[in-house]
Amino acid sequence: MRVAGILLVEDDPSVRTALELALTRQGHSVTSYATGEEALDHIRARRPEIAILDVMLPGIDGIEVCRRVRKLDQLPVILLTARGDDLDIVVGLEAGADDYVVKPVEPRVLDARIRAILRRAESAASDRITFGDLVIDRGALKVTLAGKEIHLTPTELRLLLELVRHPGQVLNRRYLLRAVWDHTHIADSRLVDACVQRIRAKIEPKPAEPVFIHTVRGFGYRFSPP
C-alpha cells in the first residue's frame, strides 16, 4: 500500500491527534501543525505529497493557505469544512483545493480521498496528445500551450485527460465525479464545475469563451478542440 507524506493542519488538538493517529495506522507518514503560518513554513522547507487543511484556522486560515500554495505549487490540497458550510466549500474550491471532507471527519473517508488523489497523480499513460497549440504529455505529466508550460494540479490534469479521452462526447458530472474523484454523491458536482473553471483559466485563450472545454447545459462538459 502506498505511503503518503501528509501535512495535516488542524487547530483543535483532539481532532488533530485523532486524525494523525488514524492516518498513521493507515500507513501514511503524517506531520501536523495547528496554524497556517506553520504549514506554509513546512511546505517551503519540506514539500509534502498532500496537504490537509482545516478551513477555520487561527491567523491565516486554510483557504488562504491554499491560495498561497497555488501561487507557487500544484501540491494537492484537501480541505476540512464544517457540516453544511457551502460557502467555505465553494470558496475553497475556487482557491484551488482538489477535494473536501465535511466534519466530523471519518478517517476511512479521508484515507480514501487521499488515495484517490495519489492515484490521479500516478495514473497517466506514456503518450503525447496534440490539439493545435495544446500539447498534453501524459508520460511527463506536462501540458503546454503554444510552447509555454501550463501548471495543472493532479486533479486538474486527471479531469483534462478524462475529457480528452472522449473528444466530442458529452460527459455528465456524475460520470466525471466517479472517474476523477471516486465520488458517487451528485451533490459533490461543484467539484467538477470548480475544477473545469480552473482548467479553463489556464488553457483557454478567453476562459469566458472556451474553445476546448464546452459546457452542455443540463448535461455536463464536452472536449471539442478547434
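Residues numbered from 1 in each chain as written. Predicted model: local features only at pLDDT ≥ 70, side-chain atom pairs only at ≥ 80, totals over all residues. Heavy atoms only, no water.

Novice: Give a detailed account of the overall build of the protein chain, specifying residues and quantitative values.
Specialist: For the protein chain, the count of helices and strands is 8 helices and 12 strands. Against the compact-globule benchmark of 17 Å for 226 residues, the protein chain has a radius of gyration of 17 Å, which places it among compact chains. Taken along the three principal axes of its C-alpha coordinates, the protein chain extends 55 × 35 × 35 Å. Relative to its full complement of 226 residues, the protein chain shows a buried share of 50%. Of the contacts made within the protein chain by residues no fewer than 6 positions apart, 57% connect residues no fewer than 24 positions apart. Looking at the protein chain, you have 33 positive and 32 negative side-chain charges, and the mean spots of the two groups are 5 Å apart. (Helix = DSSP H or I, 4+ residues; strand = E, 2+ residues; numbered from the N terminus. Rg over C-alpha atoms; globule rule 2.2 N^0.38 Å. Buried < 20%, exposed > 50% of the residue type's maximum accessible area, 1.4 Å probe, protein only. Contact = heavy atoms within 4.5 Å. Lys, Arg positive; Asp, Glu negative; His and termini not counted. Charge placed at Lys NZ, Arg CZ, Asp CG, Glu CD.)

Novice: Got a sec to walk through the domain arrangement of the protein chain? Specific residues and values, please.
Specialist: By domain assignment, the protein chain separates into domain 1 (5–118) and domain 2 (128–223). Each of domain 1 and domain 2 has a C-alpha centre, and these two points are 24 Å apart. With 14 residues of domain 1 in contact, the opposing surface of domain 2 contributes 15 residues. Surface buried jointly by domain 1 and domain 2 totals about 1300 Å² across both partners, of which 50% is contributed by carbon and sulfur atoms. When residues of domain 1 are sorted by the area they lose upon contact with domain 2, Q74, L93 and D98 head the list and together hold 41% of the total. Between domain 1 and domain 2 we count 1 salt bridge in total. Among the ionic pairs, R190 bridges to D86, the shortest N-O distance being 3.4 Å. The interface formed by domain 1 and domain 2 includes 8 residue pairs in polar contact (both at pLDDT 80 or more). Secondary-structure elements contributing two or more residues to the side of domain 1 that touches domain 2 are helix 4 (86–94), strand 5 (99–102) and helix 5 (107–122). For the side of domain 1 that touches domain 2, the element with the most residues is helix 4, which contributes 4 residues. Residue composition of the side of domain 1 that touches domain 2, by class: 6 nonpolar, 2 polar and 6 charged. (Domains from an automatic or database assignment. Buried area = accessible area lost by both parts, 1.4 Å probe. Salt bridge = Lys/Arg side-chain N within 4 Å of Asp/Glu carboxyl O. Polar contact = N/O pair within 3.5 Å; in protein donor to acceptor, adjacent residues only side chain to side chain. Nonpolar A, V, L, I, M, F, W, Y, C, P; charged D, E, K, R; others polar.)

Novice: If you had to explain the packing of helix 4 against helix 8 (residues 189–203) to someone new, which residues and values would you point to?
Specialist: As a packed pair, helix 4 and helix 8 sit with axes 9 Å apart at the nearest point and diverge in direction by 30 degrees. The orientation of helix 4 relative to helix 8 falls into the category roughly parallel. Where helix 4 crosses over helix 8, the handedness of that crossing is right-handed. Contacts between helix 4 and helix 8 involve D86, I89, L93 and E94 on the former and, on the latter, R190, L191, A194 and R198. When its residues are assigned to classes, the contact of helix 4 with helix 8 shows 4 nonpolar, no polar and 4 charged. (Axes fitted to C-alpha atoms, helices over the stretch in contact; angles between N-to-C directions. Parallel < 35°, antiparallel > 145°, perpendicular 65-115°, else oblique. Left-handed = near helix turned anticlockwise from the far one by under 90°.)

Novice: I'd like a description of the sheet that holds strand 12 (residues 220–223), backed by residues and values.
Specialist: Sheet architecture is open: 3 strands sit in the order 10-12-11, paired in antiparallel fashion. If you trace the sheet from one side to the other, it starts and ends with strand 10 (170–172) and strand 11 (213–216), each paired once. Neighbour to neighbour, the strand axes of the sheet diverge by 35 degrees on average, direction disregarded. With 3 bridges joining them, strand 10 and strand 12 adopt antiparallel strand pairing. What sits directly across from V170, in strand 12, is R222. Contacts from helix 6 (residues 154–164) reach strand 10, strand 11 and strand 12, with the element oriented near 70 degrees to strand 12. (Pairing = 2+ DSSP bridges.)

Novice: Before we move on, can you summarise the packing of helix 2 (residues 36–45) against helix 3 (residues 62–72) with the specific residues and values?
Specialist: Running from N to C, helix 2 and helix 3 point in directions that differ by 20 degrees, and their axes come no closer than 10 Å. Relative to helix 3, helix 2 is oriented roughly parallel. Read as a crossing pair, helix 2 and helix 3 show a hand that is right-handed. Along its contact with helix 2, which presents G36, L40 and I43, the element helix 3 presents V65, R68 and V69.

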